[in-house]
Amino acid sequence: MVTNLPPEARAKFLKYKEAKTPEEKLKALQEFLSCVPKHKGTENLLYWAKRRMAELREEIEERKRKKVGGRGPTFFIQKEGAAQIVMLGLTNSGKSSLLSVLTNAKPIIADYPYTTRYPVPGMLQYEDIQFQLVEAPAIMQGAADGVAWGLKVLGLARNADGLIIVLDGSNNPIEQLKIVVSELNKTGIKLIKPRGYVCIEKRRTGRGISIIPLGKIVDATFDDVRKLLESYQINSAIVKIYGEVRLKDVEESIFERTTYKPTIIVVNKIDIPRARGEYLRLRKLVPQEIPIIPVSAKTREGLELIGPTIFKVLEIVRIYTKEPNSEPSEKPLVLRKGATVLDVAKAIHRYFYENFAYARIWGPSAKYPGEKVGPTHTLMDGDVVEIHTRR
């Protein structure tokens, strides 16, 4: 085994996964932690377990406070629009001002630190779709270790579809970025797309482990993967392999310790003279795959670039559906880049997915208007799809 976990520890972890309430999960994790051997191979796992326990204690305490004081502000934000993007940054980086000029939100804007105490959502219009921007309370050093509301903010980031890191361009943005990235890394949130990753979808019905190799495992066989999952009593699942991965990546995906978040860096206050030089220094240090946009909430410089950049880094496509002899829908389906016709059928309704016969398409991926295609045809942004069923 990758981390050499004894059977007792694996059984305790399964108990944690099956627990329903935060209290049950916390107790199961405490038991799990007592069974995990302490050596170099389990360091990250132990850190994950301790952090998750701290998150659960926070959740339990917040529920108790709500019982005493009734309903109040919450850190949970229901997802809306095409995607949820969480805005992270140190205090006074200008997140509230940016949210105010980009969306319909009305956050409290003030010069004193830590003005924002709870997440504030707003909707950013981009062409014919909307992105939900959520301003998170300020992140700080020690957030991943439970300082202030740090774990709640990092939980918001983990749940989001993407991130915007907001930096004050007039006040050493390089150091600000180091702090934010360090706290994200501690909790397994990565900003650079990994060479490979694993997605495990557990099935409630049926038995067996199906492996879909959209990439390759460089140090193990499919049988090794099945044995690893079965050792955690995962007997029915679909495992998707993207890019190049190792067996340890498969095991890490069981614990959900590492996740990639498409990210944009926004250097705010670019209207202040020294900020432009700081932005140029930052651009040389940050990997090119992470976009950096210099903006000013005050003069509105650069704000028009945020919407299209979000759309690009999320790698999504807009697909318009239509019925025979009718016009395409005005509101698109928003799917991941690489989506197929069958993905569209599934998104519309289970009936279309189960009874799919063929589709006709118009748009960028069609060889000619109304081309007849099968279920595996890959779609492009702006395509129009007409689904035909067997009955």
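Anyway, here's the lowdown on the structure attached to this text. Quick caveat, the model's predicted, so the values are computed rather than measured. (Residues numbered from 1 in each chain as written. Predicted model: local features only at pLDDT ≥ 70, side-chain atom pairs only at ≥ 80, totals over all residues. Heavy atoms only, no water.)

Looking now at the environment of F75. One can find F75 in the loop between helix 3 (43–69) and strand 1 (83–88). Residues F75 and G146, spaced 71 residues apart in sequence, show a C-alpha to C-alpha distance of 15 Å. Setting aside its immediate chain neighbours within four residues, F75 contacts E62, R117, Y118, P119, P137, W149, K152, V153 and L156. (Helix = DSSP H or I, 4+ residues; strand = E, 2+ residues; numbered from the N terminus. Contact = heavy atoms within 4.5 Å.)

Now for the packing of aromatic side chains. The final tally for this structure, using the stated rule, is nine aromatic pairs. Pairing Y197 with Y242 gives two aromatic rings, centres 4.6 Å apart and planes at 15 degrees, and the pair type is stacked. With a gap of 45 residues between them, Y197 in strand 6 (residues 196–202) and Y242 in strand 8 (residues 236–245) connect regions that are remote in the sequence. Overall, Y197 belongs to the partly exposed group, its relative accessible area being 38%. A residue is classified by how much of its surface remains accessible, and Y242, at 24% relative accessible area, is partly exposed. These aromatic residues form a ring-pair network of at least three members: F13, Y16, F32, W48 and Y232. A cation sits over an aromatic face here: K25 above Y16, 4.9 Å from the ring centre. A cation sits over an aromatic face here: K372 above Y358, 4.3 Å from the ring centre. (Phe/Tyr/Trp six-rings, centres within 6.5 Å; stacked < 30°, edge-to-face > 60°. Buried < 20%, exposed > 50% of the residue type's maximum accessible area, 1.4 Å probe, protein only. Lys NZ or Arg CZ within 6 Å of the ring centre and 35° of its normal.)

Here strand 14 (residues 356–362) runs beside strand 16 (residues 384–389); their pairing, made up of six bridges, is antiparallel. Bridge pairing in strand 16 places A359 opposite I387. Where strand 14 meets strand 15 (residues 371–373), three bridges bridge the pair, whose relative direction is antiparallel. Along strand 15, the bridge assignment pairs R360 with K372. (Pairing = 2+ DSSP bridges.)

What is shown is where atoms sit, not what they do.
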